[in-house]
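Architecture at a glance
So the chains spell out like this:
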Amino acid sequence: MSDEVAAFRSGIRGTVRRFVQREVVPHIDQWEEAGTFPRDLYARAGAVGLLGLGYPEELGGIPSDSQTMLVVTDELAKAGAGGLIAGLLSHGIALPPILALASDELAAEIAPKLLTGEHIAALCVTEPGGGSDVANLRTTARREGDVFVVNGTKTFITSGMRADWLTTAVRTGGEGASGVSVLAIPGILPGIGRTKLEKMGWWCSDTAHLTFDNVQVPARYLCGSEGMGFLGLMHNFNHERLMLAAMAVAFAEVCIEDALSWARDRETFGRPLIKRQVIRHKLLEMTVRTAAARALLEKTARAIDGGKEPVAEVCMLKTLATDTLEFVAGEAVQVLGGMGYMRGTRVERIFRESKVLAIGGGASEILRDLAARQLGW
């Protein structure tokens, strides 16, 4: 790594750390209880360049690589709230399919306001009848002159309640992957219904059930050609899975930090917990597993930055990282004891949120099978 790259990443780390300490940490417990965070947080994140990382300069972004995004995730995770990351960076899964498929004109219309935080975007793929099985989605978009008429239902949509743009996977053709397309749907169009969903975790991230009832979408909002959507979405999933793995590893490290601090300060029967062999062994096992996941995460990110698209490796990484987080978060709660069960602690919140990372972006069971097939097994 060159000195210039190291300095860039160090600067990004400092910027995000200050943003989290100033704008997030004092309020995150309140936002979690309220089930939302202020919309103007997007603009504040945009003002420090957080939302533009990884996007072209001509669209108002700051070019960066996957390894830099690991740094960003590490710092955001210190607030101990996955819903904050999922909601604030929902454009990170909604914008890439548009940039990969759409015309330069359409990208220029949509992207700049997302990167400044003026607008919010949501990716709409999952349906009540299927999540990871994108090739068999049922939401239809029928071409009628200059519009597509969209009908169907999407669910578990992050930022779905307040998104200005809905990057929506639709069926414009026959059965299977070749019939899938992507539409960038303005959220203000008539016929879009939104219902808030209540969740086990990620409380401050709005999650929605969406309905499309004869929504007339101008044909110019088709991203690419009809039938190109599946490939654009699959490429996007690789990035999403890498970032979910990064969240899992970063949150595991937060759990270790809090558990270690508690073990050093908490006394039982006249001795600090850290002096108990069973507690030291717990902390060591948590650390070993997380270090292994961190090593694979960084190796995979380097491969992606080197121009590779290691689908099997990303699938294996995500399953390892999310399994690790579930173990580490559970052990952290055990070390903290009663305090680990109390709302308002990072460990309690992360424990509740650990399961969603093993489901979102492709459930662990599906990814294990996909990795095996990619390896030719």
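Residues numbered from 1 in each chain as written. Predicted model: local features only at pLDDT ≥ 70, side-chain atom pairs only at ≥ 80, totals over all residues. Heavy atoms only, no water.

The subject of this paragraph is the overall build of the chain. Each helix and strand in the chain was counted, giving 12 helices and 9 strands. Taking 21 Å as the expected radius of gyration for a compact globule of 377 residues, we find that the chain reaches 21 Å, a close match to that expectation. C-alpha atoms of the chain, sized along the principal axes, occupy 80 × 50 × 45 Å. Out of the 377 residues in the chain, the part that is buried amounts to 52%. In the chain, once contacts between residues fewer than 6 apart in sequence are set aside, the share between residues at least 24 apart is 77%. In the chain, 40 positive and 44 negative side-chain charges are present, and the distance between their average locations comes to 6 Å. (Helix = DSSP H or I, 4+ residues; strand = E, 2+ residues; numbered from the N terminus. Rg over C-alpha atoms; globule rule 2.2 N^0.38 Å. Buried < 20%, exposed > 50% of the residue type's maximum accessible area, 1.4 Å probe, protein only. Contact = heavy atoms within 4.5 Å. Lys, Arg positive; Asp, Glu negative; His and termini not counted. Charge placed at Lys NZ, Arg CZ, Asp CG, Glu CD.)

A word on the packing of helix 10 (residues 311–336) against helix 12 (residues 364–374). Relative orientation of the contacting elements helix 10 and helix 12 amounts to 150°, with a least axis distance of 8 Å. Seen along the crossing, helix 10 lies across helix 12 with a hand that is left-handed. Within the contact between the two elements, helix 10 uses Val-311, Ala-312, Cys-315, Met-316, Lys-318, Thr-319, Thr-322 and Asp-323 and helix 12 uses Ser-364, Leu-367, Arg-368, Leu-370, Ala-371 and Gln-374. Its residues assigned to classes, the contact of helix 10 with helix 12 comprises 7 nonpolar, 4 polar and 3 charged. (Axes fitted to C-alpha atoms, helices over the stretch in contact; angles between N-to-C directions. Left-handed = near helix turned anticlockwise from the far one by under 90°. Nonpolar A, V, L, I, M, F, W, Y, C, P; charged D, E, K, R; others polar.)

In this section: the packing of aromatic side chains. The tally for this structure, following the rule as stated, stands at 3 aromatic pairs. Considering the side-chain rings of Trp-31 and Phe-37, the 6.3 Å spacing of their centres and the 50° angle between planes classify their relative orientation as tilted. The exposure classification of Trp-31 matches that of Phe-37, with both residues buried. Considering the side-chain rings of Trp-165 and Tyr-221, the 5.4 Å spacing of their centres and the 75° angle between planes classify their relative orientation as edge-to-face. Highlighted residues: Trp-165 in strand 4 (residues 165–171) and Tyr-221 in the loop between strand 7 (207–218) and helix 8 (229–265), separated in sequence by 56 residues. Ring pairing ties together the aromatic residues Trp-31, Phe-37 and Tyr-42, which thus form one cluster. In this structure, Arg-162 is placed above the aromatic ring of Phe-37, and the distance from its NZ or CZ to the ring centre is 4.7 Å. Across from the ring centre of Phe-327, 3.7 Å away, lies the NZ or CZ of Arg-289, which sits over that ring. (Phe/Tyr/Trp six-rings, centres within 6.5 Å; stacked < 30°, edge-to-face > 60°. Lys NZ or Arg CZ within 6 Å of the ring centre and 35° of its normal.)

Turning our attention to helix 12. Every buried residue belonging to helix 12 is among Ser-364, Leu-367, Leu-370, Ala-371 and Ala-372, and all of these are buried. Residues of helix 12 that are buried sit in contact with helix 8 and helix 10.

The next subject is a nonpolar patch on the surface. On the surface, a cluster of nonpolar side chains totalling about 370 Å² of accessible area is made up of Met-316, Leu-375 and Trp-377. Taking relative accessible area as the criterion, Trp-377 reaches 74% and is therefore assigned exposed. (Patch = residues over 30% accessible without salt bridge, like charges linked within 9 Å, V, L, I, M, F, W, Y side chains within 5 Å. Areas by Shrake-Rupley, 256 points an atom, 1.4 Å probe, with all protein chains shown as cover. Salt bridge = Lys/Arg side-chain N within 4 Å of Asp/Glu carboxyl O.)

In terms of nonpolar packing, the biggest core is built from 65 residues, with Leu-50, Leu-84 and Leu-88 touching the most fellow members. Sorting elements by how many residues they give to this core places helix 8 first, with 16 residues. Setting aside residues up to four positions removed in sequence, Leu-88 forms contacts with Phe-19, Phe-37, Leu-41, Tyr-42, Ala-45, Leu-50 and Leu-51. Val-134, Phe-148, Val-180 and Cys-223 belong to the second-largest nonpolar core, a separate cluster that totals 46 residues. (Core = buried A, V, L, I, M, F, W, Y, C linked by side-chain atoms within 4.5 Å.)

Here strand 2 (residues 140–144) pairs with strand 3 (residues 147–158) via 5 bridges, running antiparallel. Following the sheet pairing, Ala-141 is matched in strand 3 by Val-150. From the end of strand 2 to the start of strand 3, which pair antiparallel, there are 2 residues, and Gly-145 there has a positive phi angle of about 65°. (Pairing = 2+ DSSP bridges.)

Geometric values such as these leave the question of function open.
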